[in-house]
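Single-letter residue listing:
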Amino acid sequence: MRKDLRGLRRSLLHLVLAAVAALYVSPLVYMAVTSVKTREGAGSTTPQWIPHPVTLGAYREILGSTDFPAVSWFLNSLAAATGHAALVLVTAAPAAYALARLNFRGRGAVFTVIVATLFVPPVVLLVPNFLIVNELAWVDSLPAVIVPAAASAFGVFFLRQFFSTLPGELEEAAELDGCNRWQTFTRVVLPLAKPALVTLFVLSFLTNWNDFLWPLFVLLSPESLTLPAGLGNFQSANNIRYDLVMAGAMIASVPVLLLYLVAQRWIIEGISRSGLKG
Amino acid sequence: MSVLAGAATAARDPGVSETAPGAPVRRMRPWTPWAFLAPYLLLFAVFMALPIGFGFWTSLHEWDINVPAKPFVGLSNYAELFDPSSVDGSRFWTAMKATGIFTVFSVPLLIVLPLLVALLMNGRFRGRNLYRAVYFAPYVLGVAVVGLLWRFLLDGNIGLVNHYLGLDVQWTTDLPGAWVALIGVTVWWTLGLNSVIFLAGLQDIPRELYEAAMVDGAGAWHRFRAITLPGLRPVTLFVVNATILASANMFGQSYLITVGAPADQTKTAIYLIAETGLRQFDMGTASAMSFVLAAFLMAASGLVFGAFRNRRAR
């Protein structure tokens with residue numbers, strides 16, 4: 001009797017969770033399905049879950065188009081996200097190590113100032129950073145979408161928390177062996193920090209890959225856009241071609257979904273433990 | 001736990017004082033730590049510290065990127081915003097109202113629904129990690145993909161939503177349908193994000209507390225009130241605060257789904273600021289707008305932190 005009740009509750013739980021999951025999977029499936037439809041099929045007023053005919057025409061059209069140069073967007077996105085994530089690691093890691101492990105005058109003050117900016121609403125940076133990027137002649141080029149966001153305190157804060165948990169004996173041993181501070185950091189501390197570094201790299205990559213507002217305004221010419229900014233321009237087209245839009249959305253989605261498949265645990269753990277909010 | 005909650009405790013953390021316990025005490029050259037810090041501090045100075053001051057300076061000027069003369073106008077950009085009869089003022093408060101409506105209606109849903117999902121998933125059963133991965137997936141895709149996908153599904157003529165619900169609503173151009181669409185899409189997009197944060201919080205609550213309560217004969221509702229909710233307080237504080245800030249900075253959904261329609265009534269404040277400053281290059285006005293918005297956001301955060309602190313005192 002009691003066991004039956006538990007079985008019933010379990011089935012009910014699965015029913016609810018599966019229904020919600022269907023609401024998540026089906027729109028994504030429809031995006032994929034629509035991307036291989038003809039122009040007419042995509043604009044049909046009755047839902048068509050199995051396209052006939054199946055065509056790669058939409059992909060061919062945007063990959064060869066000069067108005068929507070999706071190949072350039074893809075390469076720009078890849079370069080920007082990789083460059084940004086690498087810049088975050090090489091700047092944040094040594095800074096976080098100094099703040100976690102080195103004793104020096106002013107450390108508390110530096111840390112307080114950096115942490116305080118986590119409370120500054122990013123909207124106040126929008127206009128002045130555009131002016132600064134313009135002064136540097138970076139408007140409409142990749143450095144504009146790689147560099148400024150790396151000033152965020154997030155990476156430093158994230159890694160500092162990790163470095164603080166490492167046992168100090170290893171560093172002492174390294175120094176008894178004659179390592180200087182930099183050698184201790186690169187040869188002993190960084191290898192130990194690999195999980196945290198990978199997590200920060202993946203999170204920074206994803207954030208940059210998906211960033212929308214900033215690239216939309218700071219990148220201008222069609223061939224210098226990132227994927228999200230390029231996709232945003234579809235919206236301003238008078239007659240939206242949904243076969244093209246969904247093919248473009250697929251090109252933007254598949255790489256991050258693959259990354260998600262491989263690094264799912266790191267992404268979810270990293271985000272749920274640090275509360276990154278895009 | 002979270003960046004902000006962690007930051008708040010870090011300020012009192014003895015580890016931040018001048019000597020860290022456990023850290024090697026060997027002497028080093030005085031400039032060594034600064035060499036470690038220099039690359040980041042350069043970025044921080046140019047793209048974080050400088051723009052905060054520079055943005056305020058800009059807001060005190062009539063500033064167009066293409067016009068060499070940038071006359072100092074004192075607080076008149078602000079005065080204009082607070083004059084609802086001026087063009088900028090009326091546009092700004094329409095946008096602030098849109099931001100307010102979106103925030104007030106989206107935040108409760110983005111707290112309660114993810115908490116429910118997290119509670120459902122807080123157990124051991126087959127497929128749990130798969131469900132978690134599925135719910136979280138849209139967040140990985142980003143707002144451009146999600147916005148365009150739903151712009152398609154919500155289309156008044158060919159969209160699946162109207163088809164399956166048997167409705168004839170113009171979700172992208174009419175009120176209140178547009179708000180339902182924007183809030184619904186946002187819930188779909190970020191439900192998984194808040195759920196995994198709540199779930200991590202739930203898993204930090206010690207099992208023994210529940211076991212002890214069961215021995216005392218406490219029912220499920222009582223255990224939820226007496227153990228789960230208090231145990232989740234730090235996580236909830238973080239999620240509420242972060243969700244308010246994210247909702248108040250909503251841009252992509254509105255840009256892609258409604259384009260601000262009808263008549264700019266779903267054009268949010270950050271949308272207007274970006275358009276005014278970075279498209280029309282009226283940077284003085286846009287900067288003033290962003291500082292007024294920032295003041296509202298900081299006040300909202302203050303209220304949230306205050307509310308959570310009071311509850312603790314009681």
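Definitions and limits used
Residues numbered from 1 in each chain as written. Chains lettered and ligands numbered in written order. Predicted model: local features only at pLDDT ≥ 70, side-chain atom pairs only at ≥ 80, totals over all residues. UniProt positions renumbered as here; feature names shortened; annotations may be inferred. Helix = DSSP H or I, 4+ residues; strand = E, 2+ residues; numbered from the N terminus. Buried ≥ 20, exposed ≤ 12 C-beta atoms within 10 Å, placed from the backbone. Contact = placed C-beta atoms within 7 Å. Bend = angle between axes of the 7 residues up to and from the residue. Nonpolar A, V, L, I, M, F, W, Y, C, P; charged D, E, K, R; others polar. Core = buried A, V, L, I, M, F, W, Y, C linked by C-beta atoms within 7 Å. Axes fitted to C-alpha atoms, helices over the stretch in contact; angles between N-to-C directions. Parallel < 35°, antiparallel > 145°, perpendicular 65-115°, else oblique. Left-handed = near helix turned anticlockwise from the far one by under 90°.

- In the annotation of an unreviewed UniProt entry, chain B is listed under the name Glycerol-3-phosphate ABC transporter permease and assigned to Microbispora siamensis.
- Per UniProt, chain B carries the Sequence similarities (unreviewed entry) text "Belongs to the binding-protein-dependent transport system permease family."

- Looking at an unreviewed UniProt entry, one finds chain A named Sugar ABC transporter permease, with Microbispora siamensis as its source organism.
- Quoted verbatim from the Sequence similarities (unreviewed entry) field of the UniProt record, the comment on chain A reads "Belongs to the binding-protein-dependent transport system permease family."
- Its UniProt record, at the heading Subcellular location (unreviewed entry), says of chain A: "Cell membrane".

## Quick look at the overall build of chain A
Point 1. Secondary structure summary: chain A contains 14 helices and 0 strands in total.
Point 2. Reading the secondary structure of chain A in the N-to-C direction produces α-α-α-α-α-α-α-α-α-α-α-α-α-α.
Point 3. Among the 278 residues that make up chain A, the fraction classed as buried is 44%.
Point 4. Sequence separation of 24 or more characterises 73% of the internal contacts of chain A that already satisfy a separation of 6 or more.

## Structural notes on the UniProt feature "domain: ABC transmembrane type-1" (unreviewed entry) in chain B
Point 1. In the numbering adopted here, UniProt assigns the feature "domain: ABC transmembrane type-1" (unreviewed entry) to residues 96-304 of chain B.
Point 2. Split by type, residues 96-304 of chain B is 77% helix and 0% strand. Its first and last C-alpha atoms lie 19 Å apart.

## Quick word on helix H5 (residues 128-141) of chain B
Turn by turn, an α-helix covers 3.6 residues, leaving residues three or four places apart pointing in a common direction.
Residue and element names in this part refer to chain B.
Point 1. A bend of about 30 degrees at Tyr135 is the largest found in H5, and the proline Pro138 appears one to four places after it.
Point 2. Counting buried residues along H5, 11 of its 14 residues qualify, which places the element largely inside the surrounding structure.
Point 3. For H5, the full list of buried residues reads Tyr131, Arg132, Ala133, Val134, Tyr135, Phe136, Ala137, Pro138, Tyr139, Val140 and Leu141.
Point 4. One or two positions beyond H5, positive phi appears at Gly142, with a value near 85 degrees.

## Section: the UniProt feature "transmembrane region" (unreviewed entry) in chain A
Residues and elements named next belong to chain A.
Point 1. Per the UniProt record, "transmembrane region" (unreviewed entry) is found at residues 12-33, 73-97, 109-132, 144-163, 184-206 and 244-263.
Point 2. In residues 184-206, helix accounts for 96% and strand for 0%; the two terminal C-alpha atoms are 30 Å from one another.
Point 3. For the annotated span residues 244-263, helix accounts for 100% and strand for 0% of the residues, and the straight-line distance between the end C-alpha atoms is 29 Å.

## A closer look at the UniProt feature "transmembrane region" (unreviewed entry) in chain B
Residues and elements named next belong to chain B.
Point 1. Here, the residues flagged by UniProt with the feature "transmembrane region" (unreviewed entry) are residues 34-57, 100-121, 133-153, 178-202, 235-257 and 288-308.
Point 2. Helix makes up 100% of residues 100-121 and strand makes up 0%, while its end C-alpha atoms are separated by 32 Å.
Point 3. Between the end C-alpha atoms of residues 288-308 there is a gap of 31 Å, over a span that is 100% helix and 0% strand.

## Some words on the interface of chain B and chain A
Point 1. Taken together, the 89 residues of chain B in the interface contact 91 residues of chain A.
Point 2. Per element, the largest residue contribution to the side of chain B that touches chain A is 17 residues, and it comes from helix H2 (residues 32-59) of chain B.
Point 3. When the residues that make up the side of chain B that touches chain A are grouped by side-chain class, the tally is 69 nonpolar, 17 polar and 3 charged.

## Regarding the environment of Pro71 of chain B
Residues and elements named next belong to chain B.
Point 1. With respect to the helices and strands, Pro71 occurs in the loop between H2 and helix H3 (76-81).
Point 2. In this structure the C-alpha to C-alpha distance between Pro71 and His61, which are 10 residues apart in sequence, comes to 5.6 Å.
Point 3. Those residues in contact with Pro71 that lie beyond four places of it in its chain are His61 and Glu62.

## Considering the nonpolar core
Inside soluble globular proteins, nonpolar side chains tend to come together where they are buried.
Point 1. If you look at the biggest cluster of nonpolar residues, it comprises 159 residues, and the most contacted ones within it are Ala96, Val156 and Leu159 of chain A together with Leu148, Ile273 and Met289 of chain B.
Point 2. It is helix H4 (residues 70-101) of chain A that contributes the most residues to this core, 15 residues altogether.
Point 3. Contact partners of Leu148 of chain B, with chain neighbours within four places excluded, come to Leu231, Phe234, Val245 and Ala249 of chain A together with Leu256 of chain B.

## Re the packing of helix H9 (residues 169-176) of chain A against helix H10 (residues 181-192) of chain A
Residues and elements named next belong to chain A.
Point 1. Put simply, H9 and H10 touch, their axes get as near as 10 Å, and they point 135 degrees apart. With respect to each other, H9 and H10 are oriented oblique. Helix-helix and strand crossings are classified by hand; for H9 and H10 the assignment is right-handed. On the side of H9, the interface is formed by Leu170, Glu171, Ala174 and Glu175, while H10 contributes Thr184, Arg187, Val188 and Val189.
Point 2. Looking at the contact of H9 with H10 residue by residue, the class counts come to 4 nonpolar, 1 polar and 3 charged.

## Concerning the environment of Ile62 of chain A
Residues and elements named next belong to chain A.
Point 1. Note on placement: Ile62 falls in helix H3 (residues 57-64).
Point 2. Linking Ile62 and Leu244, residues 182 residues apart in sequence, is a C-alpha distance of 6.7 Å.
Point 3. Those residues in contact with Ile62 that sit more than four places away from it in its chain are Phe68, Ala70, Leu244, Ala247 and Gly248.

## Description of the packing of helix H8 (residues 177-203) of chain B against helix H11 (residues 233-248) of chain B
Each pair of packed helices can be described by the angle between their axes along with the distance between the axes.
Residues and elements named next belong to chain B.
Point 1. Where H8 meets H11, the axes come as close as 10 Å, and the angle between the chain directions of the two elements is 165 degrees. As judged from the angle between their axes, H8 and H11 are roughly antiparallel. Both H8 and H11 take part in a crossing whose hand is right-handed. On H11, the residues touching Asn194, Ile197, Phe198 and Gly201 of H8 are Val235, Val239 and Thr243.

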